[in-house]
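# What the coordinates show
Spelled out, the chains give:
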Amino acid sequence: PVRWSWTPSRVRRRSPLAERPEPMSPLLEVAQISTIPSSEFIAALGGCYEKSPWVAERAHAAAPFASLAALASALREAVDGATDAERLALLRSHPDLAGKAALAGELTSESTAEQCHAGLSSLSADELARFTKLNEAYTARFGFPFILAVRNANKATIFAAFERRVTNSAAAELAEAVAQVHKIAWMRLNELVRPNPTGFLTCHVLDTARGCPAAGMRIELKRRVESSNGGGDSWAEVGSFLTNEDGRIVGGPVLKDGAMARGVYEWTFHVGDYFAAAGATFAPCGTPFLGQVPLRFGIDDAESHYHVPLLCSPFSFSTYRGS
């Protein structure tokens, strides 16, 4: 079928792989952003909130910032402390998803990258018509465009959120839209400012079949590497580890001392090998029910501690984000 794609300059028919923006400049340090003049601060961070540099201007008064999280909090508080009219103007500064501004090449560079990443730069005629209908219905109901942090979304999740939220009450949707604006700003901020090297990742494996730590289990960690040219993502190995007598990784936390970065990671736990070593009582099947257990998780705040454990038996497993 014919697929419509947009670029910053024109609309045309082309392959489903959309062009991506050029790589961004090196990240600023939190200490650096804390000391620069207001004009430079606004120039650097004014785009975090769509076409609303006044947010950065007001947040600058809270400098210096102890962390990236503190900087994000100052920006968020500037919005939350604004007047109703200012917040409404901020919402109305956002473009429709796959709307007229996108088709005309009039999006900001930030919105262009985000919509492209979500696959909105390559839509079938039916998908484009569906977006147009939903955009019109939503704006008519609420008086501002539908806003969703789409960088890590796809068309299916966007449509589902669109159709759910268009039936919200005005008060509920206003709160949801502002929350989405903050989420978008947080992701944009992370593209501009480097987090402090305080975050780290830990793991703890518990053997629920025997009620003890899972000592000697092999674990691997890898990180998803997003393609910069529209191709498929790849995975980079971070390391291979063993658990100690307490079921924790030998050598302590991983991704420490500045190695922690936002993104998608995956533990692979060699559960089958571990229970096979425990004997036939715990590995009765010729083909293990659980051989390897992959556990994919996201790190959103690289300044924080993420504890991602595994509780497992030969036939079950569970996890959670701990502390």
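Rules and cut-offs
Residues numbered from 1 in each chain as written. Predicted model: local features only at pLDDT ≥ 70, side-chain atom pairs only at ≥ 80, totals over all residues. Heavy atoms only, no water. Salt bridge = Lys/Arg side-chain N within 4 Å of Asp/Glu carboxyl O. Helix = DSSP H or I, 4+ residues; strand = E, 2+ residues; numbered from the N terminus. Buried < 20%, exposed > 50% of the residue type's maximum accessible area, 1.4 Å probe, protein only. Core = buried A, V, L, I, M, F, W, Y, C linked by side-chain atoms within 4.5 Å. Contact = heavy atoms within 4.5 Å. Pairing = 2+ DSSP bridges. Arc of directions from axis to C-beta. pLDDT = per-residue confidence, 0-100. Axes fitted to C-alpha atoms, helices over the stretch in contact; angles between N-to-C directions. Phe/Tyr/Trp six-rings, centres within 6.5 Å; stacked < 30°, edge-to-face > 60°.

### Overview of the pattern of salt bridges
Per the counting criterion, the structure on display carries 16 salt bridges. Of the charged contacts, one joins Glu-266 and Lys-222 as a salt bridge, the two residues approaching to 3.6 Å between their closest N and O atoms. On the criterion of sequence distance, the pair formed by Glu-266 in strand 11 (residues 263–269) and Lys-222 in strand 9 (residues 218–225) is long-range, its members being 44 residues apart. A relative accessible area of 8% means that Glu-266 is categorised as buried. The class of Lys-222 is partly exposed, set by a relative accessible area of 28%. Linked through salt bridges whose partners overlap, the residues forming this network are Glu-50, Glu-114 and Arg-188.

### Re the nonpolar core
Core analysis: the biggest nonpolar cluster contains 53 residues, and Phe-41, Leu-45, Tyr-49, Leu-71, Phe-131, Ile-158 and Leu-189 have the highest contact counts within it. Here Tyr-49 is in contact with Val-55, Leu-75, Arg-76, Val-79, Leu-90, Val-181, His-182, Ala-185 and Arg-188, once residues within four sequence places are set aside. Counting 28 residues, the second-largest nonpolar core is a separate cluster that includes Val-205, Leu-221, Phe-241 and Phe-297.

### Here we look at the pairing of strand 12 (residues 293–299)
Burial along strand 12 is one-sided: the face carrying Val-293, Leu-295, Phe-297 and Ile-299 is buried and the face carrying Pro-294, Arg-296 and Gly-298 is not. Strand direction decides the pairing type here: strand 11 and strand 12, joined by seven bridges, are antiparallel. Counted as the bridge partner of Tyr-265 is Phe-297 from strand 12.

### Points about helix 5 (residues 84–92)
By the burial criterion, the buried members of helix 5 are Arg-87, Leu-90 and Leu-91. The arc that holds the buried residues of helix 5, viewed along the axis, is 100°, so those residues lie on one side. Where the residues of helix 5 are buried, they touch helix 3 (54–59), helix 4 (68–80) and helix 10 (170–190).

### Observations concerning the confidence of the model for the protein
In the predicted model, the protein carries a mean pLDDT of 89, and 90% of its residues have values of at least 70. Under a pLDDT of 50 for its full length, residues 1–23 has, in the predicted model, 60 contacts with residues more than four places off or in other chains.

### Some thoughts on the sheet that holds strand 11
The strands making up a sheet associate through backbone hydrogen bonding, with each pair oriented either parallel or antiparallel. Taken in spatial order, the four strands of this open sheet run 10-9-11-12, and their pairing is antiparallel. The strands lining the two open edges of the sheet, one partner per strand, are strand 10 (234–242) and strand 12. Between one strand axis and the next, the sheet turns through 20° on average, direction left out of account.

### Digging into the pairing of strand 11
In terms of burial, strand 11 is largely enclosed, as six of its seven residues are buried. Relative to strand 11, strand 9 runs antiparallel, the two sharing five bridges. Note that in strand 11 the partner of Arg-223 across the bridge is Tyr-265.

### Observations regarding the side chain of Arg-165
The topology assignment puts Arg-165 in helix 9 (residues 155–165). When residues no more than four places from it in sequence are discounted, the contact partners of Arg-165 are Tyr-138, Phe-142, Phe-146, Ile-147, Leu-148, Glu-173, Glu-176, Ala-177 and Gln-180.

### Topic: the packing of aromatic side chains
The final tally for this structure, using the stated rule, is 15 aromatic pairs. Aromatic side chains Phe-41 and Phe-65 sit 5.9 Å apart centroid to centroid with 20° between the ring planes, which places their arrangement in the stacked category. One end of the pair, Phe-41, is in helix 2 (residues 38–45); the other, Phe-65, is in the loop between helix 3 and helix 4, and 24 residues separate them in sequence. Classification of Phe-65 as buried rests on a relative accessible area of 7%. Relative to Phe-297, the ring of Tyr-265 has its centre 6.0 Å away and its plane inclined at 20°; by these criteria the two rings are stacked.

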